[in-house]
Amino acid sequence: MRVLLSEYAGACYGVERALSLVEKAAATECCDLADGCIARRVSTLGPLIHNPQVVAELERRGIHEAATVAEVADTRGGILVIRSHGVTPDVIEEAEARGLVVVDATCPHVSKAQAAARELREQGMSVLVVGETGHPEVESISAHAGGDVLVVQEPDDLPKQMPGQETGIVVQTTQAPAALDAIVNELKRRGIKPHVRNTICSATLKRQQSAEALAHTVDAMVVVGGRNSGNTTRLTQICSAVTPATYHIETPDELNPEWFIGLESVGVTAGASTPQKQIDAVVQLLSCIADRIANES
Ligand code: SF4
């Protein structure tokens, strides 16, 4: 059985950057009169990435997942790491007001979307965000536009009466281009002039397209990544639509050798929050399973 890795798979630029920034923060010391130089306490607001194994590993190393800024402020010499989704501006203001050191790991693509929303609002337009209501990234983009924005994911979400004749559009970075096109076409059909800032990041789309292409050429697909990761779940859905023999796993020990008996090939893909070492471990075990099946047949 051949084991094939998708052309684009695993941690994207924004996730790699967030992990590297948290590593640097964890190595920062501060001076304490009683104890001398001690490591600063590092916290993330919510899970740094949607990958339970990585978050558990950070916790083991003392990098704590906090629910609120107030919780972080209770720690001595605290560093607050902002995750790649970004936050609303008032969160950073509150953290600084409480004397925390803020390490901003907001992905630069998300920062670009936040800035676009701000600029459109400053130009006096009503702002529409194409994205998922309640998603932290969408909330951060909306807050940068002053909060009074319309969030829609498909044309049916558009209100009958739009707030103005000119609408500025910003897009959640992980949305599909088709979702943006559908909204723009519907607004044009209604005679509304859309001013589009296409802030889609290609990382998600590349992973989806290459996983789908691979799924068409293999007998089974293994998708690696957090079950709480939206983009990993989406990869699973895309692959399942091509081959029902699609398995979403978080760790290699979830692989069942029986899934692969009689198969000639298996493809592997991984979500944008799956570090390379997790992918390598799965590929390695799949190769062992392939050898074992070959020896037994
Ligand atoms: S998917 Fe794109 S926007 Fe989101 S964190 Fe990764 S690189 Fe940044």
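Look up: the structure comes first, before these words.
First, a word on what this report is: a plain description of the structure on this page. (Residues numbered from 1 in each chain as written. Predicted model: local features only at pLDDT ≥ 70, side-chain atom pairs only at ≥ 80, totals over all residues. Heavy atoms only, no water.)

### A look at the sheet that holds strand S11 (residues 193-197)
And then number 1: With respect to topology, four strands assemble into an open sheet ordered S9-S8-S10-S11, the strand pairing being parallel. Each end of this open sheet is capped by a strand with a single partner; those strands are strand S9 (150-152) and S11. Adjacent strand axes in the sheet meet at a mean angle of 30° when their direction is disregarded.
And then number 2: Direction of pairing for strand S8 (residues 126-130) relative to S9: parallel, over a ladder of three bridges. Across the sheet, residue Leu128 finds its bridge partner in S9, namely Leu150.
And then number 3: Along the sheet, helix H6 (residues 136-144) makes contact with S8, S9 and strand S10 (166-171), crossing S8 at roughly 170°. (Pairing = 2+ DSSP bridges. Helix = DSSP H or I, 4+ residues; strand = E, 2+ residues; numbered from the N terminus. Axes fitted to C-alpha atoms, helices over the stretch in contact; angles between N-to-C directions. Contact = heavy atoms within 4.5 Å.)

### A few points about the site of the ligand
And then number 1: Looking at the ligand, the residues that line it are Cys12, Gly14, Cys107, His109, Thr173, Cys201 and Thr204.
And then number 2: Across the shell around the ligand, the residue classes break down as three nonpolar, four polar and no charged. (Near = heavy atom within 4 Å. Nonpolar A, V, L, I, M, F, W, Y, C, P; charged D, E, K, R; others polar.)

### Some details on the sheet that holds strand S4 (residues 42-45)
And then number 1: Across the sheet, which stays open at both edges, the four strands sit in the order S5-S4-S6-S7 with parallel pairing between neighbours. With one partner strand each, in any of the chains shown, strand S5 (64-66) and strand S7 (101-104) form the two edges of the open sheet. Strand-to-strand twist of the sheet, defined as the mean angle between neighbouring strand axes without regard to direction, takes the value 30°.
And then number 2: Of the strand pairs in this sheet, S4 and S5 are connected by three bridges, and their pairing is parallel. Across the sheet, Leu45 pairs through a bridge with Ala66, a residue of S5.

### A short note on the packing of aromatic side chains
And then number 1: Tallying each qualifying case throughout the model produces three aromatic pairs.
And then number 2: Feature note: the residues Tyr247, Trp259 and Phe260 constitute an aromatic cluster, connected by ring pairs. (Phe/Tyr/Trp six-rings, centres within 6.5 Å; stacked < 30°, edge-to-face > 60°.)

### What to know about the packing of helix H8 (residues 202-215) against helix H9 (residues 230-242)
And then number 1: Interhelical geometry of H8 versus H9 gives an angle of 25° and a closest axis separation of 9 Å. Our classification of the angle between H8 and H9 gives roughly parallel. Relative to H9, H8 is oriented so that their crossing is right-handed. Contact with H8, carried on its side by Thr204, Arg207, Gln208, Ala211, Glu212 and Ala215, involves Asn231, Arg234, Leu235, Ile238, Cys239 and Val242 of H9 and no other residues of that element. (Parallel < 35°, antiparallel > 145°, perpendicular 65-115°, else oblique. Left-handed = near helix turned anticlockwise from the far one by under 90°.)

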